Amino acid sequence: MLRVLQRHPKLKLNRNGIWQRSYSNKEVVSSADVVIVGGGVAGCNILYQLSKRGVNAVLLERAKITSGTTWHTAGLVWSLRPSDLEVKLLKDSRSVYQSLEKETGEYAGWINNGGLFISRSKDRTQEYLRLHTLGKAFGIESDILEPKEAQNLFPLLDTSVFEMGLYSPEDGTVDPTMVCNVLLKAAKANGGKVYENCPVHDIFYKHNLLGNKEVTGVHTENGFIKTKCVVNCGGAWGPRIARFAGIPALPLIPFKHAYVVSESIPEIRNAPNVRDHDVALYIKIQGETCQIGGYESNPLIMDQLPDNLQFHLYDLNWDIFNVHMQSAASLCPKLATVGIKSTVCGPESFTPDHKPIIGEDPNVYGLYHNCGYNSAGMMFSAGCAIQLAEWIVKGRPNYNMFAFDIRRFTPAQMSRAHWARESSFEAYVKNYSIVFPNDESLAGRDSSHDALHQELVEDGAIMQSRAGWERPAFFLEGEKVRVQQYDWGGAHDFPRNVDQKYEEILKGEYTFAFSKYHDVIGKEALACRNAAALFNLSYYGKFYLTGPDAERTAGLAFTAKMKNDNRVMYSLMLNEKGGVEADLTVCVIDGGSGQLHEPIFKGRGYYVVTSGFSANHTLAHLRRVIQKHKLRATITDVTKQICILGIQGPHSQRILQRYTNSGLSNDAFPVNTHRSLHVTKSPYSSENKSYTCRALRVTWSGELGWELHIPSSNAIQVYRALRTASGLTNAGWRALTSLSMEKGYHLWNTDLRTDDNPVEANLAFTCRKNGDYIGNEFVTKAKVEGVTKKYAYFTLDEKIPIYGQEAIYRNGEVVGYLRRGDYAFHLDKPLGVGYVTNKGNKVTLDYLSDGIYEIEVMGKRYKAACHPKSPFDPTGQRLLGNYGDMGMDENIYEPHAGQNERAGGVE
């Protein structure tokens, strides 16, 4: 009671002497299926979508609808983005806005005046050509224009300052206040409830029998609402709402963002909106006036927004904003002489990777986030609301939303305030930057690194960052390149780094042609194909699944049949719709010696290894299975405690055999098995020091090889020992991803996603025939009825770079797009993977084989060969060590103790 007295002083004693809250406004309902906190465009859209689905939903706004940041937004809605997910979401948003007037009878403020992108450079033109190509795969109309043609659409343009335009007639604008009012009208008609002037004071939760947090209710200014689901639509105030539920940090940073409104310019009436990305400029048309804004290189961060900020604007800082006026005048000289009617400078929230924060919080079940739209809430929130409503009602969205899912961020990242701050700053600054396929961030680096990090840097590793982990992209012999602390690009007088070597190396990646380091990467890849390569795989996520219900958990979560015979099983985890949530390898293990790679536990346990990029997502999904089915199982994350070194290639057995007494032949150590292995510090040395690890005979390159899972405390010693081996080349992830694709292995979140069924992805073999694993019924249905899209490989004879998002043509018609593209160095061809469709009809093997295929790359079509399976080593002989074409097989090496015995030497 003391807590209530302190936080809510408006209390009075009733006639029975009991303290009760004295409400000054309309009292809220006592319960709801879903409570939405925040009355901006994100909150209005999700209330609209939930109420359409019959959900008893309530929206709470602390002041007035749109009074936070929505009311002052420019309201631009585009069609083309360099992401298939974003193109689909934008299409959905436009559909919602266009349909509201017909549904409600009220105009929702949608204006379809088109959009025009301006290119001033060759690289930008190539990016626009990629957008133009991707749009074809989704039926998005766009036209490539010469400068004079662009000027016909927008008369103020100076044709001498740009080289081309990309026009999208489906683009437009929407009035934020009008659309929110219409959304709420429609929501109320479907039973939705809205409470303005109703601040939230707390979000209540309980710990269930498994110790997990679950939402139980919301305490507001006007009463308590019992609920099991809360949606955080707080926008720039989102982190504060998250803290009510015990979430200490949400990676969302508010910035001051501005635009100015011009005096009347009759020539621009009905003209399209303009984006001049090369100078980070946008121009929105509103009648005969235009709004001019952009994203400067020195934005102002706001540490915290006060709770009582309503319909608030700041004075415009012309020293910062004037760069946009200069850019506008260079593109449209007349704008230099037109007066300014008004200025708009308000808060907007940005996230570390310039993507919204959507989905259920992994730490509090029932708490969903829907915020952090990076000044694009009008564009994305309507489309995102459709997916979030599906998420809440049916458990998972229809689209693969991982790029927006809060689970993409790791605990290590979330715990570092400066990571969120500096990464969001960089995201703001690079909002209009060209999205090169191999670009890397400079901010927020080194959230996590493994024990081998410094050794690899000393050996020439050029690092890339994935999910906060530093991992080697490739190696430059003789170089020692360290990623420096972020220097904010010198903004606000922050001193620039003296050492800019890493930035200089990145400039070689700023291209849509082959990377400057293409040959370096190819050399590493071919070293693996022709000799042996050493890969640091330590960033992989590594978990132990144990406990009384571990076997039941595995049966539900994993599609593969778990065999207790030292097998390494490749398995998927599916959602309730049959979509692939993760792919992973699983080892069935028994309690061991107590070392990290052999933990002590009762009963059967499982060692799970998955991609480090999505490890937090995988972990959260597995915990959700345990939570939903009330299982007594424990997941222990040992990612940082165990390093992984992969030795892969034709000579890998010969090299590794020198460092161990264990047999490595096919009989002694079969493919796809695991066992404990002793690795000596130095072969043939008088020093008998050895280190124990768990060895898995699996590779991601498709070659003979092993993964050594080593306790981090011993990883440096083992790495140093192996580095002395003759013929073993250090190789990075750029080579490895190319090798894996060439072999035909999938990469989760690109060519294998939550909106893909295993049958569609040619992975039905991973799904056991009998069992009650999650999603089983959808796999069975796909096997029986067939599928309407199918995974396929495409090779091009022309040696051009492809990166994914290129359109696939079959017999002259678009049938899909490439999910991923790379160069296959062994095949010596560009290689792409994608899903082929058939206008909603079934896709059969005959359908795939009969067509004549082309891949459109930046507006030009190239002949392509379609392969149902990768043409590289289709029978998997290289995995067995059978290299007939190289005059080798796995038994050519010198006999070793136990080499031909299944027991395998001295363990």
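Residues numbered from 1 in each chain as written. Predicted model: local features only at pLDDT ≥ 70, side-chain atom pairs only at ≥ 80, totals over all residues. Heavy atoms only, no water.

Looking up the chain in an unreviewed UniProt entry gives the name Sarcosine dehydrogenase, mitochondrial, with the organism given as Pieris brassicae.

Visitor: Would you take a moment to explain the pattern of salt bridges for this structure?
Guide: One pass over the full model with this rule turns up 51 salt bridges. A salt bridge links Arg445 to Glu470; its shortest N-O distance comes to 2.7 Å. Linking Arg445 in the loop between α11 (417–429) and α12 (453–458) with Glu470 in strand β25 (residues 469–475), this pair joins segments that are 25 residues apart in sequence. When its relative accessible area of 8% is taken as the criterion, Arg445 is described as buried. Of the charged contacts in the structure, one is a salt bridge between Glu854 and Arg861, with a shortest N-O distance of 3.5 Å. Within the structure, one salt-bridge network assembled from shared partners comprises Arg53, Glu390, Lys394 and Lys577. (Salt bridge = Lys/Arg side-chain N within 4 Å of Asp/Glu carboxyl O. Helix = DSSP H or I, 4+ residues; strand = E, 2+ residues; numbered from the N terminus. Buried < 20%, exposed > 50% of the residue type's maximum accessible area, 1.4 Å probe, protein only.)

Visitor: Can you help me understand the UniProt feature "domain: FAD dependent oxidoreductase" (unreviewed entry) in the chain in this one?
Guide: Those residues carrying the UniProt feature "domain: FAD dependent oxidoreductase" (unreviewed entry) are residues 33–391 in this numbering. Overall, residues 33–391 shows 30% helix and 28% strand. The separation of its end C-alpha atoms is 14 Å. (UniProt positions renumbered as here; feature names shortened; annotations may be inferred.)

Visitor: Looking at this structure, I do not really get the pairing of strand β23 (residues 367–371). What am I missing?
Guide: As a general feature of sheets, a regular strand has side chains that alternate between the two faces. With five of five residues buried, β23 is to be regarded as a mostly interior element. Alternating residues of β23 divide into Leu367, His369 and Cys371 and Tyr368 and Asn370, and every residue in both groups is buried. Two elements, strand β15 (residues 230–232) and β23, share three bridges in a ladder whose sense is parallel. Looking across to β23, one finds that Val230 is bridged to Leu367. The pairing of strand β21 (residues 357–360) with β23 spans four bridges and is antiparallel. If you follow Gly359 over to β23, its bridge partner there is His369. (Pairing = 2+ DSSP bridges.)

Visitor: It is not clear to me how the sheet that holds strand β6 (residues 110–111) should be interpreted in this structure. Could you clarify?
Guide: What holds strands together in a sheet is hydrogen bonding between their backbones, with the strands either parallel or antiparallel. Strands sit in the order β5-β10-β6 across an open sheet of three strands; the sheet is antiparallel. Both edges of this open sheet fall to β5 (76–77) and β6, since each of them pairs with a single strand only. Alignment of β5 against strand β10 (residues 172–174), held across two bridges, turns out to be antiparallel. Looking across to β10, one finds that Leu76 is bridged to Thr173.

Visitor: Can you walk me through the environment of Leu100 in this structure?
Guide: When you line up the elements, Leu100 lands in helix α3 (residues 84–104). In the structure, Leu100 is positioned 82 residues away from Val182 in sequence and 7.1 Å away in space, judged by C-alpha atoms. If we skip the residues at most four places from it in the chain, Leu100 touches Tyr48, Gly105, Glu106, Ala108, Val179, Val182 and Leu183. (Contact = heavy atoms within 4.5 Å.)

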